[in-house]
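Listed below, chain by chain, are the residues.
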Amino acid sequence: MTEDPTDRARALGAGLDRDAGASARADDNKRQAQALVATLLEDEVAMLAHMVGGWSRAESAAELGFEIHQFEKRRAALLAKLNAGSTTDAIRLGIYAGLD
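Here's a quick rundown of the structure.

Considerations on helix α5 (residues 87–96)
- Buried within α5 we find A90, L93 and G94. End-on, the buried residues of α5 take up no more than an arc of 100°, which puts them together on one face.
- Two residues or fewer after α5 comes G98, characterised by a positive phi angle close to 95°.

This is the structure in C-alpha cells:
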C-alpha cells in the first residue's frame, strides 16, 4: 500500500503546529518566571539560585548566613511568594528564569 502524499504533508504540518505551540508555551513560561523572580529580594534570588544549583538546605543556610530554622522560614516564604507548591516547582521557575 502506498502512502498518500497529502496525508504525509498533513501529518508533518500537524507536527510543526505542535512544535510551534510548545515553543510559545516555553516562551510564556520563561516570561512569567522572569517576572516572578524580578519581584524577589536579593537574598531570595540567592536562595533560589542555590536551590537551582542543587545546594543542600544546610549548605545554603551557612553560605547565606542564616541558622537552619531561619533559612527554613525564609524558604517557605519564598515558595509562597513564587506560588510554588513545592521546592521542585520553585526550582523549575528558577530554571525558566535563567538561574541555572
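Structure shown, so let's carry the discussion forward.
Concerning the nonpolar core
- Grouped together as the largest cluster of nonpolar side chains are 17 residues, with contacts concentrated most on L40, L48, M51, L78, L82 and A90.
- Secondary-structure elements contributing two or more residues to this core are α1 (5–38), α2 (42–52), α4 (68–81) and α5.
- It is α2 that contributes the most residues to this core, 4 residues altogether.
- Beyond its immediate chain neighbours, meaning those up to four positions away, L78 contacts L40, E44, M47, L48 and M51.

Describing the packing of α2 against α4
- Axis separation between α2 and α4 bottoms out at 10 Å; the angle between their running directions is 95°. It follows that α2 is roughly perpendicular to α4 by the angle criterion. Seen from α2, the contacting residues are D43, E44, M47, L48 and M51; seen from α4, they are F71, R74, R75, L78, L79 and K81.
- Here the contact of α2 with α4 is built from residues that sort into 6 nonpolar, no polar and 5 charged.

Re the packing of α2 against α5
- α5 packs onto α2 with a crossing angle of 100° between their chain directions and a minimal axis gap of 9 Å. On the basis of their axis angle, the class for α2 and α5 is roughly perpendicular. Packed against α2, whose contacting residues are L48, M51 and V52, the element α5 presents T87, A90, I91, G94 and I95 at the interface.
- Counted by class, the contact of α2 with α5 contains 6 nonpolar, 2 polar and no charged residues.

Concerning α4
- The end-to-end C-alpha separation of α4 is 20 Å, in line with the 20 Å expected for 14 residues at 1.5 Å each.
- Of all the residues in α4, the buried ones are F71, R75, L78 and L79. Seen from one end, α4 has its buried residues packed into an arc of 95°, which puts them on one side. In α4, the exposed residues that point more than 90 degrees away from the buried face are K73 and A80.

Describing the side chain of S60
- For S60, the position within the fold is in helix α3 (residues 57–64).
- Overall, S60 belongs to the buried group, its relative accessible area being 2%.
- Apart from residues no more than four positions distant in its own chain, S60 is found in contact with H50, W55 and F71.

Re the pattern of salt bridges
- Throughout the structure, instances matching the rule amount to 5 salt bridges.
- The partner of D43 in a salt bridge is R74, and the shortest N-O contact between them spans 2.4 Å. Within this pair, whereas D43 is found in helix α2, its partner R74 is found in helix α4, the two being separated by 31 residues in sequence.
- Residue D43 is classed as partly exposed on the basis of its relative accessible area, which comes to 26%.
- Here the residues in one salt-bridge network are R57, E72 and R75, joined through shared partners.

Conventions we followed
Residues numbered from 1 in each chain as written. Predicted model: local features only at pLDDT ≥ 70, side-chain atom pairs only at ≥ 80, totals over all residues. Heavy atoms only, no water. Buried < 20%, exposed > 50% of the residue type's maximum accessible area, 1.4 Å probe, protein only. Helix = DSSP H or I, 4+ residues; strand = E, 2+ residues; numbered from the N terminus. Arc of directions from axis to C-beta. Core = buried A, V, L, I, M, F, W, Y, C linked by side-chain atoms within 4.5 Å. Contact = heavy atoms within 4.5 Å. Axes fitted to C-alpha atoms, helices over the stretch in contact; angles between N-to-C directions. Parallel < 35°, antiparallel > 145°, perpendicular 65-115°, else oblique. Nonpolar A, V, L, I, M, F, W, Y, C, P; charged D, E, K, R; others polar. Expected span 1.5 Å × (residues − 1). Salt bridge = Lys/Arg side-chain N within 4 Å of Asp/Glu carboxyl O.

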